[in-house]
Amino acid sequence: MMKRMAAAVYARISQDRSGQELGVRRQLEDCRAEADRRGWQVVEEYVDDDMSAYSGKTRPQYERMLADLAEGRRDAVIVWHMDRLHRRPAELERFVDTCVRAGVRDVVTLSGDIDLAKGDGLLMARLLAAVAANESDSKKRRGARKALEIAQSGRPMMGGPRPFGFEVDRVTHNPAEAVVIRDLAARLLAGETLASLATTLQRDGVATVGGKEWRTNTVRAMLTNPRLWGMRVHQGQVIGAGTWAPVITPEQGERLRRLLLDPARRTNRSARRYLLSGMLRCGKCGRPMHSKPKNGVRRYGCVTGPDSRGCGGVFISAEGLEAFIAQAVLYRLDSPDMHQALTGDGPDEEATRVLADAIQADTDRLDDLAVMFADGEISRAEWLTARYRIQQHLEASRREFAKVTHRDAVADYIGRGDELRQQWDGLNLSRQVAIVKAVLDHATILPAAVPGRHGLDPDRVVPDWRL
Ligand SMILES: [Zn+2]
């Protein structure tokens, strides 16, 4: 008895929601019937689930079928329609190439056979693939029109990950995330920096929808998205109100956009920020304290709740504390100890320059390595090994450099505390922060002896001086 042709059957579930296309079961049934009619044996059915061939995503079953074809384990392919197989010409060429090499001539589609041994077989396949590609393009155009209609109706855009603060329906608030958004907005409008917000989010273990750590740019993008105050955005433009409730007020939203998107405001913001962000620890539990404004009053606090692990037992108003720490810093700058510390064994300009050169050289080497890897001159393993060594060295240089520049921040002011005291309020915040950080490692804030007492009780502040 003659060996029966070993046929591969390929089916794919499409994302087309119009309901016009046939389900995968029907595709398989049609293909099996076709195999029966030809007297072929279906030895394997390959089904890819819910992925569009056009999007370029990998299709594991398709790849497995190609591998089986390449190994000569299949004699023929049956597929319901050519656009089930490929939608891009390059993909088709690869498929045809694989078949030709393996001597597989019979590629059957239910819309017409393709005999790859004949010249017009390939042409036919190409035509079918071109038609499929064109269908995808017009689908996209239809999709764009549909997207605009949906946008104009105020309904949310679906697809992709859900926005932070909302459930998957993009309308219902996610209660926990909405609280985070309101807190971030309030803190930012009270003068805290994006960097400080991102740092506290990381520290509190709050992740993005994708499970990643927040960065300043992702926090900025999230807080400036008009969707938060109920506006529908289409292709970068607000085109009207959305069908969901705002998480923050439109007035807050506009202020956030002005604050975060105005380039002039990015570098030199007004004074209502937090001088001691990242430098305070709770005297009860030892955790870092966060900026925690209340009723428009700037405060630092040990933050409790599911997103933060503090005890919630210590709060202090920012105004008095910052003035007190600043005075203490300025006082120390005039002390003989400080003078000794800064001038005694301080690094000279030469050492600073050498460090800066070393950092630049390492950075260049990392760039060169990446190029060498991209050009195939070195393997991935070689690249990673070399990169690791350079990064170790680079980190050490950066740490050393940070020490040097900390000292640089105050070097000009040694013995001139009075002068600095007069200038202090006019310095921008980043300069103030640099000076305080140069001198203060951190301060521990003890619980209030008399709760609710106004003004600063200096006994609550236990500084740990760096210098
Ligand atoms: Zn605490």
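Residues numbered from 1 in each chain as written. Predicted model: local features only at pLDDT ≥ 70, side-chain atom pairs only at ≥ 80, totals over all residues. Heavy atoms only, no water.

### Here we look at the sheet that holds strand β12 (residues 440–445)
Strand order in the open sheet formed by three strands is β8-β12-β13, and the pairing between neighbours is mixed. Taken across any chain shown, the strands that pair with only one partner, and hence form the sheet edges, are β8 (280–282) and β13 (461–465). Here the average twist between neighbouring strands, direction ignored, is 25°. Summarising the sheet, β12 and β13 pair through five bridges and their orientation is antiparallel. From the neighbouring strand, histidine 442 faces β13, where its bridge partner is aspartate 464. Its contacts with the sheet place helix α10 (residues 318–334) against β8, β12 and β13, and it is angled at close to 40° to β13. Packing against the sheet, helix α15 (residues 429–439) makes contact with β12 and β13, and its axis sits at approximately 85° to β12. (Pairing = 2+ DSSP bridges. Helix = DSSP H or I, 4+ residues; strand = E, 2+ residues; numbered from the N terminus. Axes fitted to C-alpha atoms, helices over the stretch in contact; angles between N-to-C directions. Contact = heavy atoms within 4.5 Å.)

### Structural notes on the coordination of the zinc ion
In this structure, Cys282 (SG), Cys285 (SG), Cys302 (SG) and Cys311 (SG) serve as the protein donors to the zinc ion, at separations of 2.2 to 2.4 Å. Angles of 102 to 115° at the metal separate the four donor atoms of the zinc ion, which places the site in the tetrahedral class. In terms of primary sequence, the donors binding the zinc ion are separated according to C-x2-C-x16-C-x8-C. On the basis of relative accessibility, which here comes to 1%, the residue cysteine 302 falls in the buried class. With relative accessibility at 36%, the residue cysteine 311 sits in the partly exposed group. (Donors = N, O, S within 2.8 Å, 3.2 Å for Na, K, Ca; no water. Tetrahedral: all angles 85-135°; square planar, octahedral: opposite > 155°, others 65-115°. Buried < 20%, exposed > 50% of the residue type's maximum accessible area, 1.4 Å probe, protein only.)

### Some points on the packing of aromatic side chains
For the structure shown, the criterion picks out four aromatic pairs. Taking the centre distance of 6.5 Å and the plane angle of 80° together, the rings of phenylalanine 166 and tryptophan 244 count as edge-to-face. Taken together, the residues phenylalanine 166 in the loop between α4 (119–153) and α5 (175–189) and tryptophan 244 in the loop between β7 (237–241) and α8 (250–261) connect sequence positions 78 residues apart. Owing to a relative accessible area of 0%, phenylalanine 166 belongs among the buried residues under this scheme. Their ring planes at 85° and their centres at 5.3 Å tell us that tyrosine 274 and tyrosine 300 sit as a pair that is edge-to-face. A residue pair is termed long-range when its members are at least 10 positions apart, and tyrosine 274 in the loop between α9 (263–267) and β8 and tyrosine 300 in strand β10 (residues 299–301) qualify at 26 residues. Grouping residues by exposure puts tyrosine 274 and tyrosine 300 together as buried. Between arginine 227 and the ring centre of tryptophan 244, over which it is positioned, the NZ or CZ distance is 4.1 Å. Its guanidinium or amino end placed over the ring of tyrosine 274, arginine 298 lies 5.0 Å from that ring's centre, counting from NZ or CZ. (Phe/Tyr/Trp six-rings, centres within 6.5 Å; stacked < 30°, edge-to-face > 60°. Lys NZ or Arg CZ within 6 Å of the ring centre and 35° of its normal.)

Spatial relationships are all this shows, so hold off on functional conclusions.
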